[in-house]
Amino acid sequence: VADHEITETAIVESNITLDMNAKAVTAQDIYPVVRIQKGARLTVTGAGSITNNDYVFVLGASDGYSAGNLTIESGVYTGTTTVASVTKGLLTINGGEFKVNASEYGATYMINCIDANYNDSANVEIYGGKFYGFNPENNAAEGANTNFCALGYGAVENPTDVWTVVPKQTAE
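**Q** Give me the lowdown on the environment of Ile 72, citing residues and values where you can.
**A** Here Ile 72 lies in strand β9 (residues 68-72). The spatial distance from the C-alpha of Ile 72 to the C-alpha of Gly 95 is 6.4 Å, given a sequence separation of 23 residues.

So this is what it looks like as structure tokens:
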């Protein structure tokens, strides 16, 4: 990947690993920057960034029938309202930094699932990462007290309104 401005959605329909290699990807008015569908798995590694004034990742086809799976290992991701939305599939976050631009919803839906599919065909497991303005262990994305942290993991606030996901014994 080289520094690049995206002008249309990248559709992922096969299993791939994307090494960001310290590059910056930007988009303007693209919904989303990356859509993962047809059962594909995208793994994102490397220090780099993706920034958009809309969603960054959407898992699952727009028709809601095919799933997509995304694993984020590292990088910095900034969207407006939502960084990653799961229509159908599994979002796994092991690391990285997640931010949203100013919007009427704040960071409430930074990580989000289609409500009707949550905990059924749309799932999130967070094992690590830093979240600005969004507590992955206690948020309102899928209703009060939504916990996207994987079993045995929790979120620690430090500094104010910045949450880092760590193993539970560290979080307590």
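The rest of the description comes next.
**Q** Give a detailed account of the packing of aromatic side chains, specifying residues and quantitative values.
**A** Two aromatic rings are characterised by how far apart their centres lie and by the angle between their planes. Applying the stated rule across the entire model yields nine aromatic pairs. Between Tyr 118 and Phe 148, the aromatic rings sit 5.8 Å apart at their centres with planes inclined by 85°, giving edge-to-face as the arrangement. One end of the pair, Tyr 118, is in the loop between β14 (111-113) and β15 (122-126); the other, Phe 148, is in the loop between β16 (130-132) and β17 (153-157), with 30 residues separating them in the sequence. Judged by centre distance (6.5 Å) and plane angle (25°), the ring pair of Phe 134 and Phe 148 falls under stacked. Of this pair, Phe 134 sits in the loop between β16 and β17 while Phe 148 sits in the loop between β16 and β17, and the two are 14 residues apart along the sequence. Take Phe 134: its relative accessible area is 2%, and that puts it in the buried class. According to the relative accessible area criterion, Phe 148 is buried, its value standing at 0%.

**Q** Tell me about the environment of Asn 138, and name the residues and values.
**A** One can find Asn 138 in the loop between β16 and β17. Each C-alpha atom, one on Asn 138 and one on Gly 154, is 9.3 Å from the other, the two residues being 16 residues apart in sequence. Those residues in contact with Asn 138, other than ones at most four positions away along the chain, are Asn 145 and Thr 146.

**Q** Could you give an account of the state of the cysteines, with specific residues and numbers?
**A** On inspection of all chains with the given rule, the structure shows zero disulfides. No disulfide involves Cys 113; its sulfur sits 13 Å from the nearest other cysteine sulfur, which is in Cys 149.

Thresholds, definitions, all that
Residues numbered from 1 in each chain as written. Predicted model: local features only at pLDDT ≥ 70, side-chain atom pairs only at ≥ 80, totals over all residues. Heavy atoms only, no water. Helix = DSSP H or I, 4+ residues; strand = E, 2+ residues; numbered from the N terminus. Phe/Tyr/Trp six-rings, centres within 6.5 Å; stacked < 30°, edge-to-face > 60°. Buried < 20%, exposed > 50% of the residue type's maximum accessible area, 1.4 Å probe, protein only. Contact = heavy atoms within 4.5 Å. Disulfide = S-S within 2.5 Å.

That's the geometry; what it means functionally is another story.
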